[in-house]
Each structure stands twice: as structure tokens, then as C-alpha cells.
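Next come the chains, spelled out residue by residue.
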Amino acid sequence: MGEGGCIPSMDLFRSEPMQLVQLIIPIESAHQTVSYLGDLGLLQFKDLNSDKSPFQRTYASQIKRCGEMARKLRFFKEQMSKGGVVPSARTISRADINMDDLEIKLGELESELIEINGNSDKLQRAYSELVEYKLVLQKAGEFFYTARSSATAQQREIEARQSGEGSLDSPLLLEQEMSADHAKQVKLGFVSGLIPRDKLMAFERILFRATRGNVFIKQTTIEDPVTDPVSGEKVEKNVFVVFYSGERAKAKIMKICDAFGANRYPFTEEMGKQAQMIAEVSGRTSELKTTIDLGLMHRYNLLSSIGSQYEQWNLLVRKEKSIYHTLNMLSIDVTKKCLVAEGWSPVFATHQIQDALQRASFDSNSQVGAVFQILHTKESPPTYFRTNKFTSSFQEIVDAYGVAKYQEANPGLYTIVTFPFLFAVMFGDWGHGICLLLASLFLIIREKKYSSQKLGDIMEMTFGGRYIILMMSVFSIYTGLIYNEFFSVPFELFGPSAYACRDATCSDTTTWGLIKVRDTYPFGVDPEWHGSRSELPFLNSLKMKMSILLGVAQMNLGIIMSYTNAKFFKNSVNTWFQFIPQMIFLNSLFGYLSVLIIVKWCTGSKADLYHLMIYMFLSPTDDLGENQLFPYQRNLQLVLLGLALIAVPWMLLPKPFILKKQHEARHQGESYELLHSNDESVAVEASHDSHGHGHEEFEFSEVFVHQLIHTIEFVLGAVSNTASYLRLWALSLAHSELSTVFYEKVLMLAWGYNNIFILAIGVLVFIFATVGVLLVMETLSAFLHALRLHWVEFQNKFYEGDGYKFSPFSFALIGDEDE
């Protein structure tokens, strides 16, 4: 939405203050004014003509005109795509192009291009017909030549049998003499042409049935596909000659040829005429080929000329169309000399909008300047966060759940840190983190190139989240160093291990064979813990308890955010009867558990925290015994348990009665100040007038049931949400174990064979398994789980997300829109 550096600011915590403004614009400067406001991109116009259809609005004809120009440009783009012409990205200043001149030019270019295409299609069709005709002459000529050769051989054989000498015609005369009835002699006709090869079998079958077998078909295959004159596509065809007897048979054959899309061509039996026709067709084909090539060259030059200015023309038409669409949202003053506009703008943009109005009046030579004034309204303004290329992707994660209502506390600010960190807790491996880091850096380095290209859906989504991947990779490297895992292999990066074998009997590396010989490992998990039998319980305990600490901390942050919302909106009811009891309930149970975890870590106690928390409810007065971590712990637990029990009716009972009392006070005229508050009880009434007309009745039962549902949701959610954070531990363990399996059962197993071929296969399998499973599937899995923890466990404490985005009229947002 905005430009700036890559460092997030507190602008993300609350949306920008908005104002409803009214503009009174002289008609002569309206187009220029809207154009400058589109360049500015900080005003969201309201539709003041929503009761009118698109055809009833003032600038319908101009929009139709722009639509027709856009149609011509789409036609040019389609033709350039077919002709292999790439539009140039050369920019031309807007002052160099006049819309009237552009409309005339586009019309002329379209007419010229249509004429060229029409002539080219006719010439191409004629050329294709000549090519097919030449093939028929050649292939059918071979049929008749073969038949004559066969007839000549038969004639010579008959002559050899006859006594005496005769001419070449003697067999025919003899044959005629043997004929009993000269009137019954039949003269055969024939039809020749080409037919698609896939239709040949059906063609022959239909001919046989239609003529009852009284046809003779000769056909031969054409090796290379030929261009069909009708469709213009390459088709595999066969040349055919159908011999028939009688006009009725000929008519049937003609109809069947037409039905099967067979192209028929005339043919003569005379050898001399065949050679002459082939020569004529070859000459005409050569001439047509030259003409077609010249036409294609002219067409390519024309498309290249269009392509050099296409992008600028297209952008100009889009801008012009969007300007008239916006002008149609404005209402006409009663004098019909001014247009009235209303819209939302950020408060900080007031001076910029006023400057744009002044420049528009000056540039359009308007004698009257535009009027800018701020309107007071009770409508809910749109939500606008100023983001940059770094923070926008994190804000999109929040907006996918729901857009914040106006001035509501935005979780996007915290998501910049908490989202990649929770992901890294589940994806902790600094080797895998480095792979993600390299991928994100590659996308960031090629940012300018990819941002100007159209990418596929998956690639576009990945590129849009490049800074999220960068942060996730950095945090994954950090947590991987804490877990001391590099593709599941531990390293002594920060010094030697604090443990060593007591003697030679500790070859199985159990903890009983290890003794501490030096200071504790300075950072992360000691490398000797990896591969020991104690590794699983130790890392399980560490990751599980860490998940609870992170979960309780983030849920407390969510409740604190609800308090900031209540204070900001001056909602004292929620402050006293929602925020305070929620904090007490959550921290009396799970906050206390978090303290016990930290105390146990610091003191090295062997206390069983599960047993301790269970019996805190079942037997709160019993002695704690060996599970006691500090003095007076039992008394503290009794106090915390009592506070948790008190917090439940505290959340449930007072708020409905207080809201009822406030409602009665407003109707008695005792309080008018509450109309300015954002309390839930007056949210509906804020849209009505001050005389009380149209007020909804206060239903105490509905309010009470609503509060009961919220109370039950929070109490049960406090337990289920805390348990839900254990997914951090579960996915981290699964990621580590999968990485260990791929390393030990694939790479190390292949290494043990001492065979270069097996080792190469093992390395390839390890690489593909690591990339496919750990760097793609596990990354996606951890991403989705981190998303759920933010949307459900964190944001449900305070975030309503029932607002709507600020959508200003901006030329920067129309570049990639489809018509």
C-alpha cells in the first residue's frame, strides 16, 4: 500500500486516521482532477450514483468508447502473439498521445491489419489448394501410369498368343469383337482428391454401402502432413481415386466427399496434359509463395510498429477508462456546472489532495477552483496500513484471516517476529535453515526481474513471501544452533562437549557412562547428548516445556492486546469485566505452570509437574512432599485456585447487568456521552439519530447468553489453546527424526558399502528426500501450523477482523487488471 524502507514502524499497530472528504469540482477540470488523484492514489471515492445503471450514468458513452479502443488493443495483442512479436516496454510521456488521435489511429491500424489478414488467408488457402492439387496430379498420375503399364504388358502377352502380326490396337479390337453387345459397354468415370487419413476407413465403408460395392477405390499415403485449405492446420492426408459407373453413383460419391471433408480436384487421363498441368500448378505455387512471403513481411513490420507503442497505448486506455468510471461515481450539482465527490482519505494526505486539486485547476485553465472540505460522519472508515515490500507480506497473513476494523490493534506488527519464530521452533535445523536462506536470497536478488514478469501460481506465491521465507530461515538457523542440529548431525561449534566417557565401558554412550569433565556447553544443546539414550527424553522435555512457555506468553500478549483495544476505544466495561478476569484465570493456572517450569530448570529439582498440577485441583490441601519447589507453595496454589474460580463468574455476571443499566440510562436521557464510546452495547445504536428513533430493544436474555458463550469459550479455550501449542514440540521432534532417518538410513548406509555407484545413488536419494520432504513438505507443514497458532490461539483473544480495506483510486493498481 505504501513505499518505504524495510524496517517496520508502529504505523502497523493502528491503522491510519481516516476522514470523509467532499470535493466540489468544476466540470471543465473534472477529468484532470481525477487523473491527478489517480496518480496520487490516496482517495477512495464513494459511489454517489448507486441507484443508476451503468447506461444511465453521465460518462457511459466515453466508457463505451474506451472499451472499443481496448477491444482493438486486445486484437492487436492476439495478432502479435500469433506473429511472434513481443511488445516493447519503451515508455512515452502521456503528453505525446492525444486520445482522439489515438482512437483514429487504432481504427486505421485495425482496418489495415484486417485487410492484410483477409488477403493473406485467401492467398494461403489458394496456395494450400494448389499444393494439394499438385499432390493429386502426382499420385493419381502414378495410378494411371501403373495401370497403363499393366495393360501394355497384358496386351503384349495376348499378341504373343495370337498368330499373325497386329498393331497395338489388335487386342482391343479382338476384345470388342468378343463382346456380344456393343451397346452394353460401360465407360468408367472417376473422382480424385485428398481426405484426412483418420477418416479414410469410414469413407471407404460408406462408399461401399452407398453404391452397393459398385465402386473401385485406389488410395496412397502422403508422407508429410499438408495444410488443409479450410482449417489452415497441418493434417495427415491420403490421395484417393474413386472409379464409378453412372451419374447416380457420381452424385452419391460427391455428397459423401463433402460430408467427410474430402477436397476434390479435377484430373485428366492424358499423360501430356498431366505433365502440362503439373508444370502450371508448380509455377502458380511459386508465384503465390513469393506473394505470401511479401505479405507476411509487411504484416510483421506493421505488428512491430504496433508493438513498439502497445504498452503505452494500453496503459493510457486503461487509465482513461478508469477515470471515466470514477467520474460516473460523482453526482452532478443542480447547476450542472460542478461535480460533487465524496470519499475516504488518510488524514496525512490532506495537503497532497489539496495540491492536486490546485494543479488540476491550473492545468485545465479553470476559472473556478475545486472546493475541499471534511465531512463528519458516524460511518465506519476503511482500514489503511502503510506497508512496504517487507511488511506487506506479513500483513497479508493477517488480512487473509480478516481485515482489521478501523483503528483496531493490528497483530501484523507482532507477526513479523512471532510467525517466523514459531515456524523455526518446529523447523529447527541450521543446515535446512541455510538452504531456505539461499532460496530467499535468490528471490530477493532477482526481485526486479521477477516483479515485472507473470509467474505461475505457486512461483508467484513463493516470490510474494520471499521476505517471510528470509525471516523463517534466519530464525531456523538460530533455533537449529540451539538444538545443535545440522541435517540432524551435532557439531562442536561453540567449544568441546562438557562430557566424556568415564571408561571404556561406555561405548554404548549411555548417560551412566558419561561424566562432566569441563564447563557446561556455552550455547545450545551439548553435542554429546545427541546419540545418547537420554537424548529423546531430554529434548522431549526441553521442547515440550518450551512450547508451553511460548504458548502462555503469546496468549498473554493476546489478552494484553484486548486491553489496549478496550482502552483505546474507551470501553471500560471490557477492561474491568473481560481483560482482568481473563488475565487472572489464565495466569492462575497456566501462568503458574510456566513459573514452575522455570523454577525447576533453575533449581534442578526432580519434581513431577504433571502430578503437581493434577492434584492442585483434586487435592489442593494435601502436602506436596517431594514435589514442593519453594516455601509456602501449597498456600499459593490455594490462592491461585480460588482466583481462577472467582474469575469465571466475574467474566459472566457483571457485564450483562451493567450493559442493561447503561441502556436504561440512555433512554431516560441521563447520559449522552456514551454515544461517543465504542462499547459493544452501543455499536448498533451509533448509526441512529440522537432522538432515539429506530433503537432496537435491549434483550437482556440475548446479552446474557452471548456473554455465557464467550465465557465458556475462553475457559475451554485456555486449556485447549495451551495444549495446541504442543504442536511446536511434536513437529520439531518429527522434523528431527525424519532428518535423522534420511541421514543414517540413506546417506550413512550407502557410505558403508564402499562402492562409488551405491554412494552416488545414496547421495542422490538423500538430496531428493531432503529437498522434497524436509525443505518442501515440512516447510509447508510448519508454515500452516504457525498460521493456525496465530489465527486461532493468538488472534481470537482480541482480534475481530470485521473491517474493510482502504481501496483508493490509483493508477498503480490498474496495470495488471484484466478487461
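What you see is a predicted model, and the numbers here were worked out from it, not measured in a lab. For every chain, the first residue of its written sequence is number 1, and the numbers climb from 1 along that sequence. pLDDT decides what is reported in this predicted model: residues at 70 or higher carry local features, side-chain atom pairs at 80 or more are listed and counted, and totals for whole chains, interfaces and linings draw on all residues regardless. Note: side-chain values were computed over all heavy atoms of the structure, leaving out hydrogens and water.

### Looking at the overall build of the protein
Working step 1: Helix and strand assignments follow DSSP, with helices taken as H or I runs no shorter than four residues and strands as E runs no shorter than two, numbered in order from the N terminus. From N to C terminus, the protein includes 22 helices and 13 strands.
Working step 2: Type-normalised accessible area, obtained with a 1.4 Å probe on protein chains alone, sets the label of each residue: buried when under 20%, exposed when over 50%, and partly exposed for intermediate values. In the protein, which comprises 819 residues, the proportion classed as buried is 43%.
Working step 3: Contacts are assigned to residue pairs that have any heavy atoms within 4.5 Å of one another. Of all intrachain contacts in the protein linking residues separated by at least 6 positions in sequence, the fraction that spans at least 24 positions is 80%.
Working step 4: Working definition of accessibility: Shrake-Rupley area with a 1.4 Å probe, residue cover restricted to the visible protein chains. Working note: accessible area of the protein is about 44,900 Å², and carbon and sulfur atoms make up 59% of it.

### Notes on the environment of Gly83
Working step 1: By secondary structure assignment, the location of Gly83 is in helix α2 (residues 60–83).
Working step 2: For Gly83, a relative accessible area of 27% translates into the label partly exposed.
Working step 3: Along the sequence, Gly83 and Tyr300 sit 217 residues apart, while their C-alpha atoms lie 6.9 Å from each other.
Working step 4: If near-sequence neighbours (up to four positions away) are discounted, Gly83 is found in contact with Arg299 and Tyr300.

### A word on the packing of aromatic side chains
Working step 1: Working definition: rings of Phe, Tyr and Trp (its six-membered ring) pair if their centres are within 6.5 Å, and the pair is stacked with planes under 30 degrees apart, edge-to-face with planes over 60 apart, and tilted otherwise. Taken as a whole and judged by the stated rule, the model has 35 aromatic pairs.
Working step 2: Measuring from ring centre to ring centre gives 6.2 Å for Phe45 and Phe809, while their planes differ by 70°; the resulting arrangement is edge-to-face. On the criterion of sequence distance, the pair formed by Phe45 in strand β2 (residues 44–45) and Phe809 in the segment after α22 (756–794) is long-range, its members being 764 residues apart. Of the two residues, Phe45 and Phe809, both sit in the buried class.
Working step 3: Aromatic ring contacts, followed pair by pair, group Tyr401, Trp791, Phe794, Phe798 and Tyr799 into a single cluster.
Working step 4: Look at NZ for Lys and CZ for Arg. If either is within 6 Å of the ring centre and within 35 degrees of the ring normal, a charge sits over the ring. Above the plane of the ring of Tyr36 lies Arg359, whose end atom (NZ or CZ) is 4.6 Å from the centre.

### What to know about the side chain of Asp429
Working step 1: Turning to its location among the elements, Asp429 is positioned in the loop between α10 (412–426) and α11 (430–445).
Working step 2: Looking at Asp429, its side chain comes within polar contact range of the main-chain nitrogen of Gly431, at 2.9 Å.
Working step 3: Two N or O atoms form a polar contact when they lie within 3.5 Å of each other; inside protein one atom must be a possible hydrogen donor and the other a possible acceptor, and for residues adjacent in sequence the pair counts only when both atoms belong to side chains. Looking at Asp429, its side chain comes within polar contact range of the main-chain nitrogen of Phe487, at 2.9 Å.
Working step 4: For Asp429, the contacting residues outside a window of four places in its chain are Ser476, Gly480, Glu485, Phe486, Phe487, Ser488, His735 and Ser739.

### With respect to the UniProt feature "transmembrane region" (unreviewed entry) in the protein
Working step 1: UniProt positions are given in the numbering used here, feature names are shortened, and annotations may be inferred rather than shown by experiment. Per the UniProt annotation, the sites labelled "transmembrane region" (unreviewed entry) are residues 421–445, 466–483, 546–564, 576–599, 636–653 and 756–777.
Working step 2: Taken end to end, residues 421–445 has its terminal C-alpha atoms 24 Å apart, with 88% of it in helix and 0% in strand.
Working step 3: In the segment residues 576–599, helix accounts for 100% and strand for 0%; the C-alpha atoms at its two ends are 31 Å apart.

### A look at α10
Working step 1: Expected span, for any helix, means 1.5 Å times one less than how many residues it has. For α10, which comprises 15 residues, the first-to-last C-alpha distance of 21 Å matches the rise-based estimate of 21 Å (1.5 Å per residue) to within 8%.
Working step 2: At any given residue, the bend is defined as the angle formed between two axes, one fitted to the seven residues that end at that position and one fitted to the seven that begin there. Of all the bends in α10, the greatest reaches close to 30° and is centred on Thr418; the proline Pro420 follows between one and four positions later.
Working step 3: When we look at burial in α10, the residues that qualify are Gly412, Leu413, Thr415, Ile416, Thr418, Phe419, Pro420, Leu422, Phe423, Ala424, Val425 and Met426.

### Examining the nonpolar core
Working step 1: Take the buried Ala, Val, Leu, Ile, Met, Phe, Trp, Tyr and Cys residues and link them wherever side-chain atoms come within 4.5 Å; each set so joined is a nonpolar core. One finds Phe419, Phe423, Phe585, Leu586, Leu596 and Leu728 to be the most contacted residues of the largest nonpolar core, which totals 68 residues.
Working step 2: It is helix α16 (residues 572–603) that provides the largest number of residues to this core, a total of ten residues.
Working step 3: One finds Leu23, Ala30, Val34 and Leu37 within the second-largest nonpolar core, a separate group that totals 34 residues.

### A closer look at empty space enclosed by the protein
Working step 1: Every definition here rests on a 1 Å grid over the protein atoms only: cavities are sets of points where a 1.4 Å probe fits but cannot get out, pockets are open sets enclosed by protein on both sides within 12 Å along at least five of seven lines, and lining residues have some atom within 4 Å of a point. Grid points are joined across faces, edges and corners, and a volume is the space filled by probe spheres set on the points. Within the structure shown, the criterion is met by one cavity of 30 Å³ or more.
Working step 2: In terms of lining residues, the largest cavity is bounded by Trp430, Leu481, Asn484, Phe491, Leu493, Phe494, Tyr521, Phe523, Gly524 and Val525.
Working step 3: When residues are grouped by polarity, Ala, Val, Leu, Ile, Met, Phe, Trp, Tyr, Cys and Pro land in nonpolar, Asp, Glu, Lys and Arg in charged, and all others, Gly among them, in polar. Classifying every residue of the lining of the largest cavity gives eight nonpolar, two polar and no charged.

### A closer look at the pairing of strand β7 (residues 237–244)
Working step 1: Most of β7 sits out of view: eight of its eight residues are buried.
Working step 2: Paired strands are those between which DSSP finds at least two bridges. Looking at chain direction, strand β3 (residues 189–196) and β7 are connected through eight bridges and run antiparallel. Bridged to Pro196 within β7 is Lys237.
Working step 3: Judged from the six bridges that link them, strand β4 (residues 216–221) and β7 form a sheet pairing that is antiparallel. Bridge assignment links Gln219 to a residue of β7, and that residue is Phe240.

### Here's the deal with the packing of helix α21 (residues 727–751) against α22
Working step 1: Between the N-to-C directions of two axes lies an angle of 0 to 180 degrees, each axis being a line fitted to C-alpha atoms and, for a helix, fitted only over the stretch in contact. Contact geometry of α21 with α22 gives a least axis separation of 9 Å together with a crossing angle of 175°. Judged by the angle between their axes, α21 and α22 are roughly antiparallel.
Working step 2: Of the residues that constitute the contact of α21 with α22, the class distribution is 19 nonpolar, five polar and three charged. In what follows, roughly perpendicular refers to angles from 65 to 115 degrees, roughly parallel to angles under 35, roughly antiparallel to angles over 145, and oblique to any angle outside these ranges.

### Examining the side chain of Asp228
Working step 1: Considering the arrangement of structural elements, one finds Asp228 in the loop between β5 (226–227) and β6 (234–235).
Working step 2: The residues contacting Asp228, other than those within four sequence positions of it, are Glu132, Glu233, Val235, Lys237 and Asn263.

### Regarding helix α8 (residues 350–363)
Working step 1: Compared with an ideal rise of 1.5 Å per residue, which puts 14 residues at 20 Å, α8 spans 20 Å between its outermost C-alpha atoms and is within 8% of the ideal.
Working step 2: Restricting attention to buried positions, one finds in α8 the residues Thr350, Ile353, Ala356, Leu357, Ala360 and Ser361. End-on, the buried residues of α8 take up no more than an arc of 130°, which puts them together on one face. Residues of α8 that are exposed and point more than 90 degrees away from the buried face comprise His351, Gln358 and Phe362.
Working step 3: Check the buried side of α8 and you find it contacts β1 (18–26), α1 (30–40), β10 (338–346) and β11 (371–375).
Working step 4: At the C-terminal side of α8, Asn365 shows a positive phi close to 55°. The arc under discussion is defined with respect to the helix axis, by the directions toward the C-beta atoms.

### A word on the sheet that holds β4
Working step 1: On the basis of which strands lie adjacent, the open sheet formed by four strands has the order β4-β7-β3-β8 and antiparallel pairing. A strand with exactly one partner marks an edge of an open sheet, and here the two such strands are β4 and β8 (263–265). If you compare each strand with its neighbour and ignore which way they point, the axes differ by 25° on average.
Working step 2: Set on the sheet, helix α6 (residues 247–259) makes contact with β3, β7 and β8; between it and β7 the angle comes to about 165°.

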